[in-house]
Amino acid sequence: MGTISSLANPTRFLSWSARILPFVSVLAAVTLGIGLYLSLVASPPDYQQGDSVRIMYVHVPASWLAMFCYLVMAGAALGTLVWRHPLADVSARAAAPIGAAFTFLALFTGSVWGKPMWGTWWVWDARLTSVLVLFIMYLGLLALWRAFDDPTRAAKVAAVLILVGFVNIPIIKFSVDWWNTLHQSASVIRLDGPSIAPSMLWPLVVMAVAYTLIFVALHLAAMRAEIYRRRARTTEILIAARRPSTAVRPAAAH
Amino acid sequence: MTHLPFILAAYGASALVLIGLIVWVVADTRIQKRRLNELEKAGPRRRRSTTQGL
């Protein structure tokens with residue numbers, strides 16, 4: 001715990017993140033290149049879906065990252081409320097736009113996969129609707145952070161909202177089991193093992209790893225930007241406080 | 001390749017969004033770092049601390 005706390009010190013975070021960010025970025029690019037080759041060239045078409053199954057290799061990782069990003073934010077929210085760590089809110093705030101982007105991608109790629117397979121772009125079933133709710137929650141959180149002038153107050157309110165909204169994550173995961181949905185049930189993360197053929201599972205796993213590395217790189221970089229933003233704001237306040245007052249005093253009553 | 005327009009739309013949108021995110025994060029980092037450097041030159045120096053403050 002002491003080591004984690006030490007690495008999470010903002011000054012030390014800026015130092016070690018600058019060192020590992022290039023490696024994570026290169027690793028993400030290489031993994032993505034391999035994943036794209038496996039997805040678009042090496043993997044076979046599905047016997048029922050044809051080549052449209054290739055949409056799975058970008059849709060499923062985006063959906064996993066949409067939820068994983070919220071999981072990171074929920075952990076950060078606990079860090080804000082329980083341990084009051086200054087980097088926890090930085091982490092949550094940096095993750096929110098990335099999570100919103102992945103959720104948008106999950107919805108969009110799902111829609112363009114749904115049209116040729118289901119015959120419709122959209123259906124109000126439990127899985128699709130709960131992911132749409134997740135997207136709206138990301139946008140709401142971004143708006144909330146912008147609505148407050150005081151970052152400390154915004155951090156507490158956002159942390160509470162993140163934790164309340166966390167109830168949506170198991171709903172998304174289990175919606176296909178709890179309700180009768182047009183969306184298929186889980187085929188990778190199952191108690192009895194994946195039901196998907198290895199020739200399609202491996203490209204999916206590689207793409208999922210690539211998306212996770214992209215998220216890690218983006219999150220680290222966005223956290224660095226957020227730390228610089230907050231330090232600049234603090235410096236601005238210090239400059240304003242030291243400036244001689246130019247306010248006009250009301251004239252004394254005679 | 002069957003369903004090519006749908007596949008292109010999915011991969012194209014993914015590429016656009018991910019490249020957009022990368023460009024935005026890199027640009028934001030540079031802007032905030034430059035802003036902080038300019039403010040530190042103009043105003044009081046922040047203490048070089050190893051404390052947990054931002």
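Residues numbered from 1 in each chain as written. Chains lettered and ligands numbered in written order. Predicted model: local features only at pLDDT ≥ 70, side-chain atom pairs only at ≥ 80, totals over all residues.

Quick note on the threshold: UniProt positions are given in the numbering used here, feature names are shortened, and annotations may be inferred rather than shown by experiment.
Per an unreviewed UniProt entry, chain B carries the name Heme exporter protein D and comes from Afifella marina DSM 2698. The annotation that UniProt attaches to chain B under Function (unreviewed entry) is "Required for the export of heme to the periplasm for the biogenesis of c-type cytochromes." Its UniProt record, at the heading Subcellular location (unreviewed entry), says of chain B: "Cell inner membrane".

An unreviewed UniProt entry annotates chain A as Heme exporter protein C of Afifella marina DSM 2698. What UniProt records for chain A under Function (unreviewed entry) is the sentence "Required for the export of heme to the periplasm for the biogenesis of c-type cytochromes."

**A closer look at the confidence of the model for chain B**
Keep this limit in mind: pLDDT gives the predictor's per-residue confidence on a scale running from 0 to 100.
Mean pLDDT over chain B: 85, with 80% of residues reaching 70 or higher. The ipTM assigned to the predicted complex is 0.87, against a pTM of 0.89.

**A look at the interface of chain A and chain B**
We apply this condition: Any pair of residues counts as being in contact when their C-beta atoms, constructed from backbone geometry, are within 7 Å of one another. Working definition: helices are DSSP H or I runs of at least four residues, strands are E runs of at least two. Numbering for both runs from the N terminus. Polar here means any residue other than Ala, Val, Leu, Ile, Met, Phe, Trp, Tyr, Cys and Pro, which are nonpolar, and Asp, Glu, Lys and Arg, which are charged; Gly is therefore polar.
The interface of chain A with chain B comprises 40 residues on the first partner and 33 residues on the second. For the side of chain A that touches chain B, the secondary structure elements donating two or more residues are helix 2 (10–42), helix 3 (56–83), helix 4 (86–118) and helix 8 (198–242) of chain A. Grouping the amino acids of the side of chain A that touches chain B by side-chain chemistry returns 23 nonpolar, 8 polar and 9 charged.

**Let's talk about the UniProt feature "transmembrane region" (unreviewed entry) in chain A**
All names here are of chain A. The feature "transmembrane region" (unreviewed entry), as given by UniProt, occupies residues 20–42, 62–83, 95–114, 126–145, 157–176 and 200–223 in the numbering adopted here. The distance separating the terminal C-alpha atoms of residues 20–42 is 31 Å; by composition the span is 100% helix and 0% strand. Across residues 157–176, helical content stands at 90% and strand content at 0%; the span's end C-alpha atoms are separated by 31 Å.

**Things to note about helix 2 of chain A**
Residues and elements named next belong to chain A. Rules: The term bend refers to the angle at a residue between two fitted axes, each drawn through seven residues, those ending there and those starting there. Residue burial here comes from a neighbour count, namely the number of other C-beta atoms, placed from the backbone, that lie within 10 Å of the residue's own C-beta, with 20 or more meaning buried, 12 or fewer meaning exposed, and in between meaning partly exposed.
Along helix 2, the helix axis deviates most sharply at Ile 20, where the bend reaches about 35°; the proline Pro 22 sits within four residues downstream. The set of residues buried in helix 2 consists of Pro 10, Ala 28, Gly 35 and Ser 39. Those residues of helix 2 that are buried lie in contact with helix 3, helix 4 and helix 8.

**So, the UniProt feature "transmembrane region" (unreviewed entry) in chain B**
Here the UniProt feature "transmembrane region" (unreviewed entry) sits at residues 6–27 of chain B. Taken end to end, residues 6–27 of chain B is 100% helix and 0% strand, and its first and last C-alpha atoms sit 31 Å apart.

**Focus on the packing of helix 3 of chain A against helix 1 (residues 4–42) of chain B**
Rule in force here: Helix axes are fitted to C-alpha atoms over the stretch in contact, other axes to C-alpha atoms as well, and angles between N-to-C directions run from 0 to 180 degrees. Angle categories: roughly parallel below 35 degrees, roughly antiparallel above 145, roughly perpendicular from 65 to 115, and oblique for all the rest.
Where helix 3 of chain A contacts helix 1 of chain B, the axes come no closer than 9 Å and their chain directions differ by 45°. With respect to their mutual orientation, helix 3 of chain A and helix 1 of chain B come out oblique. From helix 3 of chain A, A:Val58, A:His59 and A:Ala62 reach across to helix 1 of chain B, where they touch B:Ala10, B:Tyr11 and B:Ser14. Looking at the contact of helix 3 of chain A with helix 1 of chain B, its residues break down into 4 nonpolar, 2 polar and no charged.

**Some points on unusual backbone geometry**
Here A:Arg84, not a glycine, exhibits a phi torsion of approximately 50°, which is positive. Of note, A:Arg84 is situated in the loop between helix 3 and helix 4. Although it is not a glycine, B:His3 adopts a positive phi angle of roughly 55°. Position of B:His3 relative to the elements: it lies in the segment before helix 1.

**Thoughts on the nonpolar core**
Put simply, the rule reads: One nonpolar core equals one set of buried Ala, Val, Leu, Ile, Met, Phe, Trp, Tyr and Cys residues connected by C-beta atoms within 7 Å.
Core analysis: the biggest nonpolar cluster contains 69 residues, and A:Cys69, A:Met73, A:Ala92, A:Ile98, A:Phe102 and A:Leu218 have the highest contact counts within it. For this core, the secondary-structure elements that each account for two or more residues are helix 3, helix 4, helix 5 (126–147), helix 6 (151–165) and helix 8 of chain A together with helix 1 of chain B. Among the elements that line this core, the one with the most residues is helix 8 of chain A, at 19 residues. When near neighbours in sequence (up to four residues on either side) are disregarded, A:Ile98 contacts A:Cys69, A:Phe215, A:Leu218, A:His219, A:Ala222 and B:Leu21.

**Details of the environment of A:Lys173**
Residues and elements named next belong to chain A. Counting through the fold element by element, Lys 173 comes out in helix 7 (residues 168–178). Residue Lys 173 is classed as partly exposed on the basis of its 15 C-beta neighbours within 10 Å. Remark: the alpha-carbon pair of Lys 173 and Ser 185, spanning 12 residues in sequence, is separated by 9.5 Å.

**Quick notes on helix 3 of chain A**
Since the α-helix packs 3.6 residues into each turn, any two residues three or four apart lie on the same face. To keep things clear, this is the line we draw: Here a helix's expected span is defined as the number of its residues, less one, multiplied by 1.5 Å.
For helix 3 of chain A, with 28 residues, the first-to-last C-alpha span of 39 Å sits near the 40 Å given by 1.5 Å per residue. Two residues or fewer after helix 3 of chain A comes A:Arg84, characterised by a positive phi angle close to 50°.

**Some thoughts on the environment of A:Trp113**
Position of A:Trp113 relative to the elements: it lies in helix 4. Judged by the 24 C-beta atoms lying within 10 Å of it, A:Trp113 falls in the buried class. Distance in space between the C-alpha atoms of A:Trp113 and A:Ser52 is 6.8 Å, their sequence separation being 61 residues. Among residues more than four places away in sequence, those in contact with A:Trp113 are A:Ser52, A:Ile55, A:His59, B:Phe6 and B:Ala10.

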